[in-house]
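Okay, here's what each chain looks like letter by letter:
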Amino acid sequence: MASRPAESSRNFREQAETARKERQSAGAGATAVGDKAAPASFDAAGAAELRSLLEEPSIQELDEGQRAALAQHDALTALPAEGDSLLYAVPVCAPYSALSAYRFRVKLTPGSQKKGKAAKQAVGIFCGGAGGASERERELMRAIKDDELVRQMISNVKLVAPSAATAALKTERKAKAKAKADAKG
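Bear in mind the structure is a predicted one, so any value in this text is a computation, not a measurement. (Residues numbered from 1 in each chain as written. Predicted model: local features only at pLDDT ≥ 70, side-chain atom pairs only at ≥ 80, totals over all residues. Heavy atoms only, no water.)

## With respect to the pattern of salt bridges
For step 1, the next point in the chain: In this structure the tally under the stated criterion is four salt bridges.
For step 2, the next point in the chain: In this structure, R138 engages E135 in a salt bridge whose closest nitrogen and oxygen atoms are separated by 3.7 Å. A residue pair is termed a helical-turn pair when its members lie 3 or 4 positions apart in one helix, as R138 and E135 do in helix α5 (residues 135–143) at three residues.
For step 3, the next point in the chain: Its relative accessible area of 52% is what places E135 among the exposed residues. (Salt bridge = Lys/Arg side-chain N within 4 Å of Asp/Glu carboxyl O. Helix = DSSP H or I, 4+ residues; strand = E, 2+ residues; numbered from the N terminus. Buried < 20%, exposed > 50% of the residue type's maximum accessible area, 1.4 Å probe, protein only.)

## Quick look at unusual backbone geometry
For step 1, the next point in the chain: The phi torsion at N156 lies on the positive side, around 50°, for a residue other than glycine.
For step 2, the next point in the chain: Along the polypeptide, N156 turns up in the loop between α6 (146–151) and β2 (157–160).
For step 3, the next point in the chain: Among the residues examined, N156 registers a relative accessible area of 37% and is labelled partly exposed.

## Considering the nonpolar core
For step 1, the next point in the chain: Counting residues in hydrophobic clusters, the biggest one holds 17 residues, and the most contacted among them are V106, F126, M153 and L159.
For step 2, the next point in the chain: If you list the elements that add at least two residues to this core, you get α4 (115–127), α6 and β2.
For step 3, the next point in the chain: Each residue touching V106, except ones within four places of it in the same chain, is listed here: Y96, A122, I125, F126, L159, V160 and A161. (Core = buried A, V, L, I, M, F, W, Y, C linked by side-chain atoms within 4.5 Å. Contact = heavy atoms within 4.5 Å.)

## Quick look at the confidence of the model for the chain
For step 1, the next point in the chain: Per-residue pLDDT for the chain has a mean of 75; in total, 73% of the residues score no lower than 70.
For step 2, the next point in the chain: Confidence, expressed as mean pLDDT per element, reaches its minimum in the chain at helix α1 (residues 3–26) with 61 and its maximum at strand β1 (residues 107–113) with 91.
For step 3, the next point in the chain: Across residues 1–8, confidence stays below pLDDT 50; counting only partners more than four residues off in sequence or on other chains, it has zero contacts. (pLDDT = per-residue confidence, 0-100.)

## A word on the pairing of β2
For step 1, the next point in the chain: Of the two faces of β2, only one is covered, namely that formed by V157 and L159; the face formed by K158 and V160 stays uncovered.
For step 2, the next point in the chain: The sheet contact formed by β1 and β2 spans five bridges and is antiparallel. Considered in β2, the bridge of T109 is made with K158. (Pairing = 2+ DSSP bridges.)

## Side note on the environment of E172
For step 1, the next point in the chain: In this structure, E172 sits in helix α7 (residues 163–184).
For step 2, the next point in the chain: Of the residues examined, E172 reaches a relative accessible area of 30% and is grouped as partly exposed.
For step 3, the next point in the chain: Between the C-alpha atom of E172 and that of G128, which follows or precedes it by 44 residues, the distance is 8.0 Å.

## With respect to the packing of α4 against α5
For step 1, the next point in the chain: The contact between α4 and α5 brings their axes to 10 Å, and the two run at 175°. Comparing their axes, α5 and α4 come out roughly antiparallel. Seen from α4, the contacting residues are V123, F126 and C127; seen from α5, they are R138, M141 and R142.
For step 2, the next point in the chain: Within the contact of α4 with α5, the residues separate by chemical class into four nonpolar, no polar and two charged. (Axes fitted to C-alpha atoms, helices over the stretch in contact; angles between N-to-C directions. Parallel < 35°, antiparallel > 145°, perpendicular 65-115°, else oblique. Nonpolar A, V, L, I, M, F, W, Y, C, P; charged D, E, K, R; others polar.)

This is the structure in structure tokens:
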């Protein structure tokens, strides 16, 4: 049985070499991975390759319905402009560096906080005065169901918010505590 893998790899190498020679003799200009020679005419070879790719049944042009569906995905943005009409908010969980363009973001790190409480805390941070969220943005963030938020998060987390948001949240909590104490006393 030990000779079969070597035999199959030899057959594979022979088939690859034969295919490479056929491509070279056909003048397609395409080279195999191990070849060092550059194509004779890149433009002609590129055009021929493009035609052959378009003739394949697996590569097709999108119809109007598919284009319209993809256009809806293109309408999603991390930073809506002032004139944009906001329809809904979408919770996203991704590496923090990928979210650098997002206006509202918190960093999830391993911790002891449950997902539901962390999700509510994140919405609280976003809807607080620090982020500068408009009334419509606050409304949309509060409209997201807890289940949708929790599904996006890892378990047992700790939220780390940008420093400005954290400082403003602490100031807001102190003001509420002071107002509550003043109302009692």
